[in-house]
Amino acid sequence: MHSALVAYAAEPGAEYNPLIPAWYDIIWSAVCFVVILVVFWKIALPKMQDLLDKRGAAIEGNIAKADEAQRKAEAALEEYTAQLASARKEAGEIRDAAREDGKKIVAEAKDNATSEAARVTAAAHSQIEAERQSALVSLRSEVGTLALDLAGGVIGETLSDDAKAKSVVDRFLADIEADAGKASN
């Protein structure tokens, strides 16, 4: 159907060509086109331009806000990093202080233990010396009694004078101690 219509319109002798409009249709179409063009040019195009400008401004504003938020986030991150570094440094200082305190406590405990050991040792030495002196006194009296009995048996008489007997025993023990001192040197 379409090819028949094109063939009919292309015939040179035809009076009416449906493919070519009449001149009044062309004029009215041109007038309508110009009116629509003017309305579009004066009303629709500026509104579209305003809409595009507003949208561009909004986008730029959002970009600016995003940039500001990014800067704030970076600043917060830097602040967090600085606080974290500060906290780590402070924790290290606290650990070092605790170690130093621990060393001081250990040294103090060692000093206390040493002084306590020295006190106990000194008390033991004092007690040993006291027991030694007690034993020496006891030994002197027993040795004196034995020596007097022995001397009385050798001499054949009883030595009853305590002062005289004591001086003989002391001299005898002094001689023994002097001999023992010479032997140890």
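What counts and what doesn't
- Residues numbered from 1 in each chain as written.
- Predicted model: local features only at pLDDT ≥ 70, side-chain atom pairs only at ≥ 80, totals over all residues.
- Heavy atoms only, no water.
- Helix = DSSP H or I, 4+ residues; strand = E, 2+ residues; numbered from the N terminus.
- Buried < 20%, exposed > 50% of the residue type's maximum accessible area, 1.4 Å probe, protein only.
- Areas by Shrake-Rupley, 256 points an atom, 1.4 Å probe, with all protein chains shown as cover.
- Phe/Tyr/Trp six-rings, centres within 6.5 Å; stacked < 30°, edge-to-face > 60°.
- Salt bridge = Lys/Arg side-chain N within 4 Å of Asp/Glu carboxyl O.
- Patch = residues over 30% accessible without salt bridge, like charges linked within 9 Å, V, L, I, M, F, W, Y side chains within 5 Å.

Q: For this particular structure, what's the right way to read the overall build of the chain?
A: Counting its secondary structure elements, the chain contains three helices and zero strands. Ordered by position from N to C terminus, the α and β elements of the chain give α-α-α. Buried positions account for 4% of the 185 residues belonging to the chain. Accessible surface, the chain as shown: approximately 15,900 Å² in total, 63% of it carbon and sulfur.

Q: Honestly, the packing of aromatic side chains in this entry has me stumped. Any pointers?
A: This model, assessed by the stated rule, comprises one aromatic pair. Here the aromatic rings of Trp-23 and Tyr-24 are separated by 6.1 Å at their centres, their planes lie at 85°, and the arrangement is edge-to-face. Residue classification places Tyr-24 among the partly exposed residues on the basis of a relative accessible area of 45%.

Q: Teacher, can you tell me more about the pattern of salt bridges here?
A: Proximity of charged atoms lets side chains of opposite charge pair with each other. Within the structure shown, the criterion is met by four salt bridges. The closest approach of N and O atoms between Asp-96 and Arg-99, which form a salt bridge, is 3.1 Å. With Asp-96 and Arg-99 both in helix α2 (residues 23-155) and three residues apart, the pair spans about one turn of that helix. When the shortest N-O distance is used, the salt bridge between Arg-119 and Glu-116 registers 2.4 Å. Of this pair, Arg-119 and Glu-116 are both found in helix α2, three residues apart, which corresponds to roughly one turn of the helix.

Q: Help me understand a nonpolar patch on the surface in this model?
A: Taken together, the side chains of Phe-33, Val-34, Leu-37, Val-38, Phe-40, Trp-41, Leu-45, Met-48 and Leu-51 make up a nonpolar region of the molecular surface, amounting to roughly 910 Å² of accessible area. Along the chain, the position of Phe-33 falls in helix α2.

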